[in-house]
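Here is how the chains run, residue by residue.
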Amino acid sequence: MTTSSAPTTVFDIDGTLCFDGRTIDARILAALEDCERAGHRLVFASARPVRDLLPVLDGAFPAATLIGGNGSLVSVDGEVRARAAFEAGELGRLLAEVERFRAGYLADGPWDYAYTGPADHPIRGRVDQGGLARRVELAELPAVVKFLVVDATDPAGLAESCRALGMAVNHHLDEAIIDFAPGTTNKWEALTSLGIDAYDAFGNDINDLDLLRNARHSVRVGAHPGLDGVARVTVAAEPEAVAAEISRLAVAA
């Protein structure tokens, strides 16, 4: 557990700070630097595993805490650890549904990954951009901390069947992917496990729901309908608007 008296601000990555899947606009980076200089402790919380957060941050904010895999991974002071993983029985039930719906998937271990989806799927451009990991068979992963279905005969049916089995499921209709986390893991639950319960937050998607709902000051980037009435502020999903809102926090500090 880690605690700090400094104000904490938590940022989702894709669709919140990163709009091309690979980089963060210079205006947003500058605003984040201002926020850090003003005394804010930065936390980056993403659906990506920590391995795929690092190339996007590109060495910036080395002191930041990282939450990956929608809460199943954390990195504090550069030390990555899995804090949640699929139990054998749960993974077996998920794989049975995957086979039933003839689904292709991306399964992440604490560092390496397995992939069975289409070679040209857009997710491939966001996986291991830094060449830091190995693509292996699912059985070679020491644990599965995140499971992403990238195609299936009936994606909605697969999502519903797995919800009925008690799994944590986020169906991203805009990207046509289904995101599974072990148990009830989410970004907010990982944050509280680190001793952080007072924070500001920026997010854009349904997997940011609890993160935004429990924040002191919450900012929705874009207009995801699942976040209607949750965030205190909504800004356009473009770098200038996001940078301006981050800068407001720095000035307030």
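None of the values given here were measured: they were computed from a predicted structure.

### Overview of the overall build of the protein chain
Next, step 1: Across its full length, the protein chain carries seven helices and 13 strands.
Next, step 2: Since a compact globule built from 253 residues should have a radius of gyration of about 18 Å, the 17 Å found for the protein chain is in line with a globular shape.
Next, step 3: Principal-axis analysis of the C-alpha atoms places the extent of the protein chain at approximately 55 × 35 × 35 Å.
Next, step 4: For the protein chain, the proportion of its 253 residues judged to be buried stands at 55%.

### Quick notes on the pairing of strand 9 (residues 168–172)
Side-chain direction in a regular strand flips from residue to residue, so the side chains alternate between the two faces of the sheet.
Next, step 1: Across the five residues of strand 9, five count as buried, placing the element largely inside the fold.
Next, step 2: Because side chains alternate across strand 9, one face comprises the buried residues Ala168, Asn170 and His172, and the other comprises Val169 and His171, equally buried.
Next, step 3: Taken together, the five bridges between strand 9 and strand 10 (residues 177–181) define a ladder with antiparallel strand orientation. When the sheet's bridge partners are listed, His171 is paired in strand 10 with Ile178.

### With respect to the packing of helix 1 (residues 26–37) against helix 7 (residues 239–252)
Next, step 1: At a minimum axis distance of 8 Å, the contact between helix 1 and helix 7 shows a crossing angle of 10°. In terms of their interaxial angle, helix 1 and helix 7 are classed as roughly parallel. Of helix 7, the residues touching helix 1 (which contributes Arg27, Ile28, Ala31, Leu32, Asp34 and Cys35) are Pro239, Glu240, Val242, Ala243, Ile246, Ser247, Leu249 and Ala250.
Next, step 2: Within the contact of helix 1 with helix 7, the residues separate by chemical class into 10 nonpolar, one polar and three charged.

### A word on the sheet that holds strand 2 (residues 41–45)
Next, step 1: What the eight strands build is an open sheet, ordered 5-4-3-2-1-11-12-13; its pairing is mixed. Whereas interior strands pair on both sides, the edge strands pair on one side only; in this sheet they are strand 5 (79–82) and strand 13 (233–235). Ignoring strand direction, the axes of neighbouring strands in this sheet form an average angle of 15°.
Next, step 2: The pairing of strand 4 (residues 73–76) with strand 5 spans four bridges and is antiparallel. Pairing of Val74 across the sheet is with Arg81, part of strand 5.

### Digging into the environment of Pro155
Next, step 1: Mapped onto the elements, Pro155 comes out in helix 4 (residues 155–164).
Next, step 2: The spacing of Pro155 and Phe101 is 54 residues in sequence and 7.8 Å in space, taken between C-alpha atoms.

### Some details on the sheet that holds strand 6 (residues 104–108)
Next, step 1: Read across the open sheet, the five strands follow the order 7-6-8-10-9; overall the sheet is antiparallel. Each edge of the open sheet carries a strand with a single partner, namely strand 7 (113–115) and strand 9. With strand direction ignored, the average angle separating the axes of adjacent strands in the sheet is 15°.
Next, step 2: Against the sheet, helix 4 contacts strand 8 (146–151), strand 9 and strand 10, and its axis sits at roughly 160° relative to strand 9.

### Considerations on unusual backbone geometry
Next, step 1: The backbone of Asp58 shows a phi angle near 50°, a positive value even though the residue is not glycine.
Next, step 2: Mapped onto the elements, Asp58 comes out in the loop between helix 2 (50–57) and strand 3 (65–68).
Next, step 3: The phi angle at Phe61 is positive, at roughly 55°, despite the residue not being glycine.
Next, step 4: Note that Phe61 resides in the loop between helix 2 and strand 3.
Next, step 5: Residue classification places Phe61 among the buried positions, given a relative accessible area of 6%.

### Topic: the pattern of salt bridges
Next, step 1: Per the counting criterion, the structure on display carries 16 salt bridges.
Next, step 2: One salt bridge in this structure joins Arg100 and Glu97, with 2.7 Å as the shortest N-O distance. One end of the pair, Arg100, and the other, Glu97, are both in helix 3 (residues 88–100), three residues apart, so they sit about a helical turn from each other.
Next, step 3: Among the residues examined, Glu97 registers a relative accessible area of 13% and is labelled buried.
Next, step 4: By sharing partners, the salt bridges in this structure join Asp12, Lys187 and Asp208 into a single network.

Cut-offs and rules
- Residues numbered from 1 in each chain as written.
- Predicted model: local features only at pLDDT ≥ 70, side-chain atom pairs only at ≥ 80, totals over all residues.
- Heavy atoms only, no water.
- Helix = DSSP H or I, 4+ residues; strand = E, 2+ residues; numbered from the N terminus.
- Rg over C-alpha atoms; globule rule 2.2 N^0.38 Å.
- Buried < 20%, exposed > 50% of the residue type's maximum accessible area, 1.4 Å probe, protein only.
- Pairing = 2+ DSSP bridges.
- Axes fitted to C-alpha atoms, helices over the stretch in contact; angles between N-to-C directions.
- Parallel < 35°, antiparallel > 145°, perpendicular 65-115°, else oblique.
- Contact = heavy atoms within 4.5 Å.
- Nonpolar A, V, L, I, M, F, W, Y, C, P; charged D, E, K, R; others polar.
- Salt bridge = Lys/Arg side-chain N within 4 Å of Asp/Glu carboxyl O.

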